[in-house]
Amino acid sequence: MTPRRRTFTRAELESFRDAVVPDLLPTRPEHDLRLLFVGINPGLWTAATQTHFAHPGNRFYPALHRAGVLTEPVDPAGGMTEDDRDRLRERGIGITNVVHRATAKASELTDEELRAGGEQLAALVARTRPRVVAIAGITAYRAAYGLPKAVQGRQPEPLAGAELWVVPNPSGLNAHETIDSLARAYAEVGRAAGIIG
């Protein structure tokens, strides 16, 4: 079943400020978490639909599909179905955030929140043991881990035993990235995780 695309008034979206979106993680023993994508924090649309990267202008799912990381398209703007979530889990894909509270813009987060989120992310990675972690956003990564000169791509040090990558943020606000350029970056981490050949 395809979710129905929703629209929200500004007031409706604002009512989701500071809400938390549950992580998409394995739910069954046969789910092998190979690739954990990490957003900066949920946007208000994501909180309203309880679906990561859900804003209609976000290129995350189209880029994953173009990269071959996903075999079927996902249109999450109205909220993912459980079938959609299960397809990601079965592919070995999980999704979380550095900071879990929803805001209208990532720039509303403090450096202290990002640093605390970085510690929480390391603990989650140690517990769930993904093969690869892909953080979507270099600025948030730099702030969370105190690495002001870090660049995108594979990082020299693992995160709690997982191979660590920083990939471009798929937000529509990241205007210099396209679905094609995002797909190239996401294919790299998909290959590193063994999801695509």
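The rules behind each value
- Residues numbered from 1 in each chain as written.
- Predicted model: local features only at pLDDT ≥ 70, side-chain atom pairs only at ≥ 80, totals over all residues.
- Heavy atoms only, no water.
- Helix = DSSP H or I, 4+ residues; strand = E, 2+ residues; numbered from the N terminus.
- Rg over C-alpha atoms; globule rule 2.2 N^0.38 Å.
- Buried < 20%, exposed > 50% of the residue type's maximum accessible area, 1.4 Å probe, protein only.
- Contact = heavy atoms within 4.5 Å.
- Axes fitted to C-alpha atoms, helices over the stretch in contact; angles between N-to-C directions.
- Left-handed = near helix turned anticlockwise from the far one by under 90°.
- Nonpolar A, V, L, I, M, F, W, Y, C, P; charged D, E, K, R; others polar.
- Salt bridge = Lys/Arg side-chain N within 4 Å of Asp/Glu carboxyl O.

## Quick notes on the overall build of the protein
At step 1: For the protein, the count of helices and strands is seven helices and five strands.
At step 2: Each helix and strand of the protein, placed in order from N terminus to C terminus, yields the pattern α-β-α-α-α-β-α-β-α-β-β-α.
At step 3: A compact globule built from 197 residues would reach a C-alpha radius of gyration of about 16 Å, and the protein, at 15 Å, matches this within 12%.
At step 4: In terms of principal-axis extent, the alpha carbons of the protein reach across some 45 × 35 × 35 Å.
At step 5: Looking at the protein residue by residue over its 197 residues, the buried ones come to 51%.

## Considerations on unusual backbone geometry
At step 1: Look at Gln50: it is not a glycine, yet its phi comes out positive at around 55°.
At step 2: As for its position among the elements, Gln50 is in the loop between helix H2 (44–49) and helix H3 (60–67).
At step 3: A positive phi angle, close to 55°, is found at Arg129, a residue other than glycine.
At step 4: Its place among the elements puts Arg129 in the loop between helix H5 (111–128) and strand E3 (132–136).
At step 5: On the basis of relative accessibility, which here comes to 67%, the residue Arg129 falls in the exposed class.

## What to know about the environment of Leu24
At step 1: By the element assignment, Leu24 lies in the loop between helix H1 (10–14) and strand E1 (35–39).
At step 2: A C-alpha to C-alpha distance of 19 Å links Leu24 and Gly137, two positions 113 residues apart in sequence.
At step 3: Ignoring any residue separated from it by four or fewer positions in sequence, one finds Leu24 in contact with His52, Arg85, Leu88, Arg89, Ile93, Gly94 and Ile95.

## Examining the packing of H3 against helix H7 (residues 179–192)
At step 1: Contact geometry for H3 and H7: axes closest at 8 Å, N-to-C directions at 60°. Of the two possible hands of crossing, H3 and H7 adopt the one that is right-handed. In this structure, H3 contributes Phe60, Pro62, Ala63, Leu64, Arg66 and Ala67 to the contact, and H7 contributes Ile179, Asp180, Leu182, Ala183, Tyr186 and Ala187.
At step 2: Class assignment for the residues of the contact of H3 with H7 results in 10 nonpolar, no polar and two charged.

## So, the pattern of salt bridges
At step 1: Per the counting criterion, the structure on display carries 16 salt bridges.
At step 2: For Asp180, the salt bridge goes to Arg66, with nearest N and O atoms at 2.6 Å. Here Arg66 lies in helix H3 and Asp180 lies in helix H7, a separation of 114 residues in the sequence.
At step 3: Classification of Arg66 by relative accessible area gives exposed; the value is 51%.
At step 4: With a closest N to O distance of 2.5 Å, Glu113 and Arg101 form a salt bridge. Placement of the pair is Glu113 in helix H5 and Arg101 in the loop between strand E2 (93–97) and H5, with a sequence separation of 12 residues.
At step 5: Among the charged side chains, a network of salt bridges with common partners joins Arg10, Glu14, Arg17 and Glu108.

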